[in-house]
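# A structural walkthrough
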Amino acid sequence: MTRRQPDQDALKPAVPGKLLQQRSLREGLVTLSLIAILVLTAGLYALLMVWDGLSLFALILLALVWVLHLWADRWTILPTPLDVPILALIILLPCNLIFSADPPLTLVRIDHLLLSFSLFFAIVRLVKFRKHFPALIFSLLILSIGAGLLGFLATDWQSSILLDFLSPIYEAMSRLTAFVPGASINKNTMGGALAFFPPLLLSLLWDRSAVKKLFSKYPGFRNFPIGFYKLLVFFTLVLTLAVIFLTQSRGAWLGVAAGLYVLLVWKDKRFLWAIPIGVVALFLFLNQTGIGGLSELFALLDQGQDASLQNRLDIWARIISLTRGFPVTGVGLDALNPVYQTFFNPFLFNEPPARLYHAHNSLLAVTIEMGIPALILYVALLSGFGAMAWRAWKRARTVNRVLIMGLVCGTLAHQVFGLMDAYPLGKNLGITMWIYFAVMTALYVHRARMVRSQPLPQVPKATPPAGALLQGALIGLAFWLILSLFALALLRVHVYASLLAAVVAGVYLGVMLVMHPILMAARQNQPSST
């Protein structure tokens, strides 16, 4: 009599089924917690634009949601090339607050930065597959529309008008903003904030049917009218360009022109012929209008007492001289004005008392507010952004390339704006830069997953061990510290030598964090695409 064997096939589905159910619940909790982080961060940021600072309870609540998410995701750490610069900035923030010339103002900026960091990491962890691209594209469109409408409704349109025939428009817009509480955003600030969007929107508009093909692969967007989508993108592009034009910000005009032109050449090299044609057209325009030369044209475009090139050169010289007194910690985020008025007061200089709230140059603004070590980190963020774009481009599919081109050219437009003006770290609407950083980081870190339209059914998580991540972070921080000490030591030679060394060190650090296998542990996080 043979012994009856148990039906193994009948027993197998029970355990795997339970495990699959638990995994599904946990993955759902991971996604929901990330969405909660995005919503909570966006809501707190909107409140912070109206209120002077966040309560400790709000920050603790956000931290608790992050803890819930990490617990649901089994404490998985997703390394990125920008982790070291962000971690170093977080380390610098308490020192910046302690040594700030105006701690209450600095604390508000710190709140802005903390929310920006939260949004950055949430986007990187959420956007993992190509199936997330449709929602990402519409989210960027909503952000662009919101920024454009905010420009119309919340900008201070009362200042000087460059073109007289536009006076009725400015008067009507001023009456409209009178009904909006707190409508006092500087026109130049709004122009710089909106400079991010036109290149991205033009890239989405001129996508060679990439978005149409993307939508056709997913049931939720397959029947979405592509004509309406194109119309929405076109409307948003016109909206942002109109507000940028009305801001009269020559820095924003120049930045957007540079970003759009680089995008056009990137998409079609024949646009290189626009350079000689543009030079001839400019020459004819200057002669026909009687303006004269380029110097007279810039003089015509000047707006405000400190907007001329000579006044900016004077401001830059003073900011650089102040840097020698605050090379390590800076004067504090948003704390330049009291220090500037103290050092350059009318009793020492034969001129009326001046107010200066930023350095009219992005790199100098970071330097004077947070010190030379922070300048290295800021440049490292930008160079890391560029290095990630270059590496992600090499294996990107069509829609990925559309996003990469738009993000790169939009960031370029904002940085060109920052040559003559500044958007200091933690400033209102500055979160757009961190959103661009986050999307580019997601396109790079998850580039192997994004090769396929549908994610693989079972992709094992090859997360680097915590020890390797900690080691990489410590090596990166140590390298940043060495570069900072070297740049600070050059102050004994000349302040310009120190600033130049800091910029070069930042470029090297950012590129190295992307290329070096020890510091960039995300290489180990790439699943096989075979």
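Residue numbers here run from 1 along each chain, matching the order of that chain's written sequence. Confidence filtering applies because this is a predicted model: local features only for residues at pLDDT of at least 70, side-chain atom pairs given and counted only at 80 or more, and all residues used for totals across whole chains, interfaces and linings. Only heavy atoms go into the side-chain values, all of them from the structure, while hydrogens and water stay out.

## Things to note about the overall build of the protein chain
- Regarding its fold elements, the protein chain presents 23 helices and zero strands.
- The buried label applies to any residue whose accessible area, calculated with a 1.4 Å probe on protein chains only, is under 20% of its type's maximum; exposed applies above 50%, and partly exposed to all values in between. For the protein chain, the proportion of its 530 residues judged to be buried stands at 49%.
- The contact criterion used throughout is that any non-hydrogen atoms of two residues lie within 4.5 Å. A separation of at least 24 residues holds for 82% of the contacts in the protein chain among residues at least 6 apart in sequence.
- Counting only carbon and sulfur atoms, one obtains 70% of the accessible surface of the protein chain, whose full area is about 25,900 Å². Helix and strand definitions here come from DSSP, where helices need a minimum of 4 consecutive H or I residues and strands a minimum of 2 consecutive E residues; each element is numbered from the N-terminal end. Note on areas: Shrake-Rupley, 1.4 Å probe, and residue coverage restricted to the protein chains presented here.

## Details of the nonpolar core
- Among buried residues, those of type Ala, Val, Leu, Ile, Met, Phe, Trp, Tyr and Cys that are joined through side-chain atoms within 4.5 Å constitute a nonpolar core. Ranked by internal contacts, the top residues of the largest apolar core, which has 141 residues, are Phe-133, Tyr-229, Leu-425, Trp-434 and Phe-437.
- The element contributing the most residues to this core is helix α19 (residues 372-394), with 15 residues.

## Observations regarding the pattern of salt bridges
- Here, a salt bridge means any side-chain nitrogen of Lys or Arg that lies within 4 Å of a carboxyl oxygen of Asp or Glu. Counted under the stated rule, the structure contains six salt bridges.
- With a closest N to O distance of 2.6 Å, Lys-230 and Asp-207 form a salt bridge. Of the two residues, Lys-230 is situated in helix α12 (residues 226-246) and Asp-207 in the loop between α9 (197-205) and α10 (210-216); the sequence distance between them amounts to 23 residues.
- Of the residues examined, Lys-230 reaches a relative accessible area of 24% and is grouped as partly exposed.
- In this structure Asp-207 comes out as buried when scored by relative accessible area, which is 3%.
- Arg-312 is the partner of Asp-421 in a salt bridge, and the nearest nitrogen-oxygen pair spans 3.1 Å. Of this pair, Asp-421 sits in the loop between α20 (398-420) and α21 (431-445) while Arg-312 sits in helix α16 (residues 309-323), placing them 109 residues apart in sequence.
- Linked by salt bridges that have partners in common, Arg-109, Asp-334 and Glu-369 make up one network.

## Re the side chain of His-360
- Among the structural elements, His-360 can be located in the loop between α17 (336-343) and α18 (362-370).
- The exposure class assigned to His-360 is buried, which follows from its relative accessible area of 6%.
- Each polar contact in these results corresponds to two N or O atoms within 3.5 Å; when the atoms are within protein, one needs to be able to donate a hydrogen and the other to accept it, and residues that are neighboring in sequence are counted only if both atoms are side-chain atoms. Reaching out from His-360, the side chain makes a polar contact with the side chain of Arg-312 at a distance of 3.5 Å.
- Among the polar contacts listed, one links the side chain of His-360 to the side chain of Asp-421, at a separation of 3.3 Å.

## Examining the confidence of the model for the protein chain
- As a per-residue measure, pLDDT tells how confident the predictor is, with possible values from 0 to 100. Across the protein chain, the average pLDDT comes to 81, with 77% of residues at or above 70.
- Looking across the protein chain, the model is least confident in helix α1 (residues 8-11), with a mean pLDDT of 46, and most confident in α9, with 95.
- A low-confidence stretch, residues 6-15 stays under pLDDT 50, and its non-local contacts, those more than four residues away or across chains, total zero contacts.

## What about the packing of aromatic side chains?
- Aromatic contacts are taken between Phe, Tyr and Trp rings whose centres are within 6.5 Å, Trp giving its six-membered ring; a plane angle under 30 degrees counts as stacked, one over 60 as edge-to-face, and the others as tilted. Summed over the entire model, instances satisfying the criterion amount to 18 aromatic pairs.
- Where Trp-434 meets Phe-437, the ring centres are 5.5 Å apart and the plane angle is 85 degrees; that geometry is what we call edge-to-face. With Trp-434 and Phe-437 both in helix α21, this residue pair falls three residues apart, about one helical turn.
- A positively charged side chain is recorded as over a ring if its NZ (Lys) or CZ (Arg) lies within 6 Å of the ring centre. The angle to the ring normal must also be within 35 degrees. Positioned above the aromatic ring of Trp-390 is the side chain of Lys-394, whose terminal nitrogen or guanidinium carbon lies 4.5 Å from the ring centre.
- We note Arg-401 situated over the ring of Trp-393; from NZ or CZ to the ring centre the distance is 4.2 Å.

## Topic: helix α4 (residues 83-98)
- The end-to-end C-alpha distance of α4 is 24 Å, a good match for the 22 Å that 16 residues give at a rise of 1.5 Å each.
- Its maximal kink placed at Leu-92, α4 deviates by approximately 30 degrees, while the proline Pro-94 follows within four residues.
- Within α4 the residues assigned to the buried category are Val-84, Pro-85, Ile-86, Ala-88, Leu-89, Leu-92, Leu-93 and Asn-96. Between the first and last residue of a helix there are one fewer steps than residues, each counted as 1.5 Å, and that sum is the expected span. Here the bend at each residue means the angle between axes fitted to two seven-residue stretches, the one ending at that residue and the one beginning there.

## Topic: the environment of His-516
- Take His-516: it is sitting in the segment after α23 (495-515).
- In the structure, His-516 is positioned 435 residues away from Pro-81 in sequence and 9.6 Å away in space, judged by C-alpha atoms.

## Things to note about a nonpolar patch on the surface
- Grouping into patches uses exposed residues only, defined as over 30% relative accessible area, and leaves out salt-bridged ones; the cut-off is 9 Å for like charges and 5 Å for nonpolar side chains (Val, Leu, Ile, Met, Phe, Trp, Tyr). The grouping of Val-67, Leu-68, Trp-71 and Trp-75 at the surface amounts to a nonpolar patch, some 420 Å² of accessible area in total.
- One can find Trp-75 in the loop between α3 (56-72) and α4.

## Focus: the environment of Arg-355
- Summarising the element assignment, Arg-355 is placed in the loop between α17 and α18.
- Residues Arg-355 and Asn-337 lie 18 residues apart in sequence; the distance between their C-alpha atoms is 6.0 Å.
- What Arg-355 contacts, discounting residues up to four positions off in sequence, is Asn-337 and Gln-341.

## Describing the packing of α19 against α21
- With axes taken as lines fitted to C-alpha atoms, and helix axes fitted only over the stretch in contact, angles between N-to-C directions fall between 0 and 180 degrees. At their nearest, the axes of α19 and α21 sit 9 Å apart, and the two run at 40 degrees to each other. As the angle between them shows, α19 and α21 are arranged oblique. Taken as a pair, α19 and α21 cross one another with a handedness that is left-handed. Packed against α19, whose contacting residues are Tyr-378, Leu-381, Leu-382, Phe-385, Met-388, Ala-389, Arg-391 and Ala-392, the element α21 presents Met-433, Trp-434, Tyr-436, Phe-437, Met-440, Thr-441, Leu-443 and Tyr-444 at the interface.
- Asp, Glu, Lys and Arg are counted as charged, while Ala, Val, Leu, Ile, Met, Phe, Trp, Tyr, Cys and Pro are counted as nonpolar; the rest, among them Gly, fall into the polar class. Grouping the constituent residues of the contact of α19 with α21 by class yields 14 nonpolar, one polar and one charged. Just so you know how the angles are binned, under 35 degrees is roughly parallel, over 145 roughly antiparallel, 65 to 115 roughly perpendicular, and the rest oblique. With the far helix as reference, a near helix turned anticlockwise by less than a right angle produces a left-handed crossing, and one turned clockwise produces a right-handed crossing.

## Observations concerning α12
- With 21 residues, α12 should reach 30 Å at 1.5 Å per residue; the first-to-last C-alpha distance of 30 Å fits that figure.
- Once α12 finishes, Gln-248 follows within two positions and takes phi at roughly 60 degrees, a positive value.

## Section: unusual backbone geometry
- Positive phi is not limited to glycine here, since Gln-248 has a value of about 60 degrees.
- Residue placement: Gln-248 occurs in the loop between α12 and α13 (250-267).
- Residue Gln-248 is classed as buried on the basis of its relative accessible area of 4%.
- Unlike most non-glycine residues, Leu-429 shows phi in positive territory, near 70 degrees.
- Mapped onto the elements, Leu-429 comes out in the loop between α20 and α21.

## So, the side chain of Glu-369
- With respect to the secondary-structure elements, Glu-369 resides in helix α18.
- In contact with Glu-369, other than residues within four places in its own chain, are Asn-96, Arg-109, Thr-329, Gly-330, Val-331, Gly-332, Leu-333, Asp-334, Tyr-357 and Pro-424.

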